[in-house]
Structure formats: structure tokens, C-alpha cells
Amino acid sequence: MTLITLCQREDIADCGALGLPQHQHLHPAGLVAVRQGEQVWVYINRCPHFSVPLDYNPQEFCTYRGQVLMCAHHSAMFRFEDGHCIDGPCKGARLEPVPVRWVENSLVMEVDEEG
């Protein structure tokens, strides 16, 4: 296993979202991180409704009340803490989570080494 640094804590606005396009090699749709205080969650940037990206403009994500990530295409709303869709055309579906953790001030994920 190899640790990959995704970003630093201060890169993600508290109660906001951050696209991680530099890590598109980890998933073709890209990744999005959301944060509340010290907690952070990362999801694949793909709405379960028609498999479209959550951002309308590249790396511009809409959050609501610092608790919900909104799909820019069909207004589906996903809770930060579990990616569960609480409103919109895919209500009850979930975003695909990516396991991450903090190592000091860096957000990291483990990836399998290939080869």
C-alpha cells in the first residue's frame, strides 16, 4: 500500500467542497472532498442520477448550509457525512465514498501498488 496526499487541511474551506482534479488517475470522474471542522469526506465526483459530475463548472461545487453537497445538474442533495441523497431525483441513493484520513495536516488515501 502507498499513501497518496490529496491536499492539505487548509485547502478545503470549512463547510465547503474541493475538487481534486490532480488525482483523476485514481478515478476517471475525479474526486471531491467536503469538510466540516476537522471532519472530511471524499467521494467520487459522480452523481448516481445519470452518472454526471457534481460540478457544473470544473471544480466549482455548490454546498448548502455547510452540510449538503448539491449536484449542479439536477439539484440532488447529498449529506456530507455519508453521501446519502436526501432530496432530488436520486433520493435514497448514495455517492461512492473514498476512504481517507488525516496524517498531520495532510489528507491522504491508501492505494494498492500495481506491478
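In the block above lies the structure referred to throughout.
Residues numbered from 1 in each chain as written. Predicted model: local features only at pLDDT ≥ 70, side-chain atom pairs only at ≥ 80, totals over all residues. Heavy atoms only, no water.

1. Notes on the overall build of the protein
Note the following rule: Secondary structure follows DSSP: runs of H or I at least 4 residues long count as helices, runs of E at least 2 residues long count as strands, and numbering of each begins at the N terminus. Each radius of gyration reported is based on C-alpha atoms, and the globular scaling rule is 2.2 Å times the count of residues to the power 0.38. Remark: exposure states derive from per-residue accessible area (1.4 Å probe, protein chains only) relative to the maximum for the residue type, with buried under 20%, exposed over 50%, and partly exposed in between. What makes two residues a contact is simply this: any of their non-hydrogen atoms within 4.5 Å. To measure how exposed things are, a 1.4 Å probe is used in the Shrake-Rupley method; for residues, cover is taken only from the protein chains shown. Residues scored as charged are limited to Lys and Arg (positive) and Asp and Glu (negative), so that His and the chain ends carry no count. To locate a charge, take atom NZ for lysine, CZ for arginine, CG for aspartate or CD for glutamate.
Counting its secondary structure elements, the protein contains zero helices and eleven strands. Its C-alpha atoms give the protein a radius of gyration of 13 Å, within 12% of the compact-globule value 13 Å for 115 residues. Principal axes of the C-alpha set define a box for the protein whose edges measure 40 × 35 × 25 Å. In the protein, buried positions account for 41% of the 115 residues. Pairs at least 24 residues apart make up 43% of the contacts formed inside the protein by residues separated by at least 6 positions. In the structure as shown, the protein presents an accessible area of about 6,400 Å², 49% of it carried by carbon and sulfur atoms. The centroid of the 8 positive side-chain charges in the protein is displaced by 10 Å from the centroid of its 15 negative side-chain charges.

2. A few points about the environment of P21
In this structure, P21 sits in the loop between β2 (17-19) and β3 (31-36). In this structure P21 comes out as partly exposed when scored by relative accessible area, which is 39%. Counting along the chain gives 61 residues from P21 to D82, while the straight-line C-alpha distance between them is 22 Å.

3. Some points on the packing of aromatic side chains
Rules: In this analysis, rings of Phe, Tyr and Trp, with Trp reduced to its six-membered ring, are considered paired at centre separations within 6.5 Å, and the interplanar angle assigns stacked below 30 degrees, edge-to-face beyond 60, and tilted for intermediate values. Note on criteria: charge over ring means Lys NZ or Arg CZ within 6 Å of the ring centre, with the direction from the centre no more than 35 degrees off the ring normal.
One pass over the structure, following the stated rule, counts zero aromatic pairs. The lysine or arginine in question, R9, covers the ring of W102, its NZ or CZ lying 4.0 Å from the ring centre.

4. Notes on the environment of E104
Following the sequence through the fold, E104 ends up in the loop between β10 (101-103) and β11 (106-111). Overall, E104 belongs to the exposed group, its relative accessible area being 74%. E104 sits 17 residues away from D87 along the chain, and the two C-alpha atoms are 35 Å apart.

5. Observations concerning the pairing of β11
Where we set the bar: Here, strands pair whenever DSSP counts at least two bridges between them.
Most of β11 is tucked away, with five of its six residues classed as buried. Where strand β1 (residues 2-8) and β11 come together, six bridges link them in antiparallel fashion. Following the sheet pairing, T5 is matched in β11 by V108. Relative to β11, β10 runs antiparallel, the two sharing three bridges. Bridged to W102 within β11 is L107.

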